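Summary of structural features
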Amino acid sequence: MSAGASIAIVGGGIIGLSTAWRLAQRGFAVTVFEQSTMGGEASWAGAGMLAPGGEMDEASELTTLAIESRRLYPAYVRELVASSGLSIDFQEMGAVDLAYSAEEMSTLEDRAARQAGIGIESKAVDPKRVAVFWPRVRTEGLVGGRFYPGDGLVNPREVVVALCAVCKKLGVRLVQNCGVRSVADSGGSVKLVTAHGTETARCVMIAAGAWSGSIVVSPVGIPASAPVKGHLVGYQQPSQTCNTIVRHGHTYLMQRNSGLLIVGASVEHVGFDRRVDAGVASQLSEAAGFVMPHLLETTPTEMWVGFRPGSDGLHLGRWESGNVYLAYGHYRNGILLAPVTADRVAAEISLDVGVR
Ligand code: GLY
């Protein structure tokens, strides 16, 4: 158990747990409060795409962070695997974007040109070679594509299990089923009112994803957050059915080592509605079947929903009220941005609070 200053983290998803791990490594005494189970929300639902190529096409702070976090991922996973003794499905296999019309092709090429300027590499794919490298992909009507060698995937559920293990080893207190209602910053410390009583800490980091904005923070309130619901469907398939990420328009397909081929994802502004809508799921299945026709004859084995952490942007680092730190608003890229978020916020807290 650490003797360092106490840090409270609100939210036990991949962002909160990664930061807890980094802070514990620096000698802080960390407690993570999670309203449900560790990693049970967006980190459980997320497909786990590590894909600046599919998500970023303009210079911004978010893009810089995404590229940096993608660079950090191999070492982050290696360290987690070595420290936890657990395995993590992490695949650096790239992604292909497909175009089935001249218009789609020109959209891909314009985007690739913008991406080249910000350091995201891609190369043209000859449609004749698609059948060789992606034998399950529809070739009828295929005009071309772009291959993104830097994109990859991770299974975020396995990352969370490993994070819990390494956090426990370092003495992090993981408190499940204990939401935090309010945080009051009194200058030298913070007081948290949780579902199970009051706690104090030297400072607090709020990483509660879509729920972050519902925590009452004083004396300075924090930015709002909102859930952006996504449906996903999964098909149990023979390995190598989808040997890289495959994208067409807003649809992506990717396959975990377990064989689960995941298709995502809808983007819905409907609040915390946990219902799986068969209509939305069947639109995803149709989109998947367009790209891989054999899926039209295949019944999904799983359908689920998750809540992306939406906000008016990414909130990262020290908040106006001095002992409150924020790490939310990661929206579509929370899994990708976990390593860089954890490193940056842990470094900032160390600098401010003074442990190592
Ligand atoms: N990261 C992909 C999505 O949010 O659907």
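Owing to the predicted nature of the structure, the values given are computational and were not obtained by experimental measurement.

1. Side note on the side chain of Arg 247
- Considering the arrangement of structural elements, one finds Arg 247 in strand 16 (residues 245–248).
- Here the side chain of Arg 247 touches Asp 151 through a polar contact of 3.0 Å, side chain to side chain.

2. Concerning the pairing of strand 18 (residues 260–264)
- Most of strand 18 is tucked away: five of the five residues are buried.
- Here strand 18 shows two buried faces, one formed by Leu 260, Ile 262 and Gly 264 and the other by Leu 261 and Val 263.
- Pairing of strand 15 (residues 225–236) with strand 18, which is carried by five bridges, proceeds in the antiparallel orientation. Bridge pairing links Gln 236 to Leu 260 in strand 18.
- Of the strand pairs in this sheet, strand 17 (residues 251–255) and strand 18 are connected by four bridges, and their pairing is antiparallel. Paired with Met 254 across the strands is Ile 262, a residue of strand 18.
- Counting the residues in the hairpin turn of strand 17 and strand 18 gives four residues, including Gly 259, whose phi is positive at 100°.

3. A look at the site of the ligand
- Around the ligand sit Glu 55, Tyr 252, Ala 265, Arg 308 and Arg 332, and that is every residue in its neighbourhood.
- In the environment of the ligand, an oxygen atom lies 2.9 Å from a nitrogen or oxygen atom belonging to the side chain of Tyr 252.
- Note that an oxygen atom of the ligand is positioned 2.6 Å from one of the side-chain N or O atoms of Arg 308.
- Tallied by class, residues from the shell around the ligand come to two nonpolar, no polar and three charged.

About the cut-offs
Residue positions are given per chain, counted from 1 along the sequence in the order it is written. In keeping with the model being predicted, local features are shown solely for residues with a pLDDT of at least 70 and side-chain atom pairs are shown and tallied solely at 80 or more, while totals for entire chains, interfaces and linings include all residues. Computation of side-chain values covers all heavy atoms of the structure but excludes hydrogens and water. The secondary structure listing takes helices from DSSP runs of H or I that are at least 4 residues long and strands from runs of E that are at least 2 residues long, numbered from the N terminus. Any N or O atom pair separated by 3.5 Å or less is treated as a polar contact, with the protein-specific requirement of one donor-capable and one acceptor-capable atom, and with residues adjacent in sequence counted only for side-chain atom pairs. For every residue, the accessible area obtained with a 1.4 Å probe (protein chains only) is divided by the maximum for its type, and the residue is called buried under 20%, exposed over 50%, and partly exposed between those limits. At least two DSSP bridges between two strands are needed for those strands to be called paired. Any residue with at least one heavy atom within 4 Å of a molecule or strand is counted as near it. Each residue receives one of three labels: charged for Asp, Glu, Lys and Arg, nonpolar for Ala, Val, Leu, Ile, Met, Phe, Trp, Tyr, Cys and Pro, and polar for the others, Gly being one of them.

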